[in-house]
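Letter by letter, the chains look like this.
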Amino acid sequence: MVCLDVGQHQMWASQSFLLRGEARMLNAGGIGAMGFGLPAAIGAAFAAPDRRMVMIAGDGGMQVNIQELQTLVHWKLPITIVVLNNRSLGMVRQFQDVYFNGRQASTVDGYSCPDFVKVAVAYGIPGFRAASWGGSWTPFWHRTLSSIPLAQ
């Protein structure tokens, strides 16, 4: 099962993943707020404990419910979290570029995020950073998604 937070990554994943068999994708369908993904993955993990869970979020959405990492640790939920960090509120920035002539209030200027690997480790969750699509990222991505019936 793939759970998507709200943002540019949601559009990418919704358009890129082809589900097959018993695969499921949870997303807010355009009516949710950033921060939807982690609570959705937690709920899905309780509802279907035998299914593999992967949650994909952007850096902005991950910050909204980051405290729920404690819930994963407390209940020992096997949820893999992938944070796509573009160092901005990407979808909001995109709208600002298109509709407001590039005035990027609080999406690039004035925006920052924590080191998500250090946050994960602080909660006792193993984490690593992949700086590009090659190298260490590729085996992780294939290993993570190979257990979910997706046609890639």
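Provided above is the structure to which this section pertains.
Predicted model, so just to flag it, every value in this text is computed and none were measured.

1. Side note on the packing of aromatic side chains
Link 1 in the chain: This model, assessed by the stated rule, comprises one aromatic pair.
Link 2 in the chain: A ring pair is formed by Phe-46 and Trp-75, whose centres lie 5.7 Å apart and whose planes are at 80°; its orientation type is edge-to-face. In this pair, Phe-46 sits in helix α2 (residues 37-47) while Trp-75 sits in helix α4 (residues 69-75), placing the two residues 29 residues apart along the sequence.
Link 3 in the chain: Taking the relative accessible area as the measure of exposure, Trp-75 reaches 51% and is therefore exposed.

2. A word on the sheet that holds strand β1 (residues 2-4)
Link 1 in the chain: The strand order across the open sheet formed by four strands is β3-β1-β4-β5, and the pairing between neighbours is parallel. Edge positions in the sheet fall to β3 (25-26) and β5 (79-84), since each of these pairs with one other strand and no more.
Link 2 in the chain: Pairing between strand β4 (residues 53-58) and β5: six bridges, direction parallel. Among the inter-strand pairings, Met-55 is bridged to a residue of β5, identified as Ile-81.
Link 3 in the chain: Each of β1, β3, β4 and β5 touches α2; the most contacted strand, β4, lies at about 175° to it.

3. Some points on the nonpolar core
Here is a general trend for soluble globular proteins: nonpolar side chains tend to be buried in one another's company.
Link 1 in the chain: Grouped together as the largest cluster of nonpolar side chains are 19 residues, with contacts concentrated most on Leu-38, Met-53, Met-55, Met-62, Leu-69, Leu-72 and Ile-79.
Link 2 in the chain: Counting only elements with at least two residues in this core, the list comes to α2, β4, α4 and α6 (116-122).
Link 3 in the chain: Sorting elements by how many residues they give to this core places α2 first, with five residues.
Link 4 in the chain: Formed by eight residues, the second largest nonpolar core is a distinct cluster that contains Phe-17, Val-54, Ile-56 and Val-82.

Definitions and limits used
Residues numbered from 1 in each chain as written. Predicted model: local features only at pLDDT ≥ 70, side-chain atom pairs only at ≥ 80, totals over all residues. Heavy atoms only, no water. Phe/Tyr/Trp six-rings, centres within 6.5 Å; stacked < 30°, edge-to-face > 60°. Helix = DSSP H or I, 4+ residues; strand = E, 2+ residues; numbered from the N terminus. Buried < 20%, exposed > 50% of the residue type's maximum accessible area, 1.4 Å probe, protein only. Pairing = 2+ DSSP bridges. Contact = heavy atoms within 4.5 Å. Axes fitted to C-alpha atoms, helices over the stretch in contact; angles between N-to-C directions. Core = buried A, V, L, I, M, F, W, Y, C linked by side-chain atoms within 4.5 Å.

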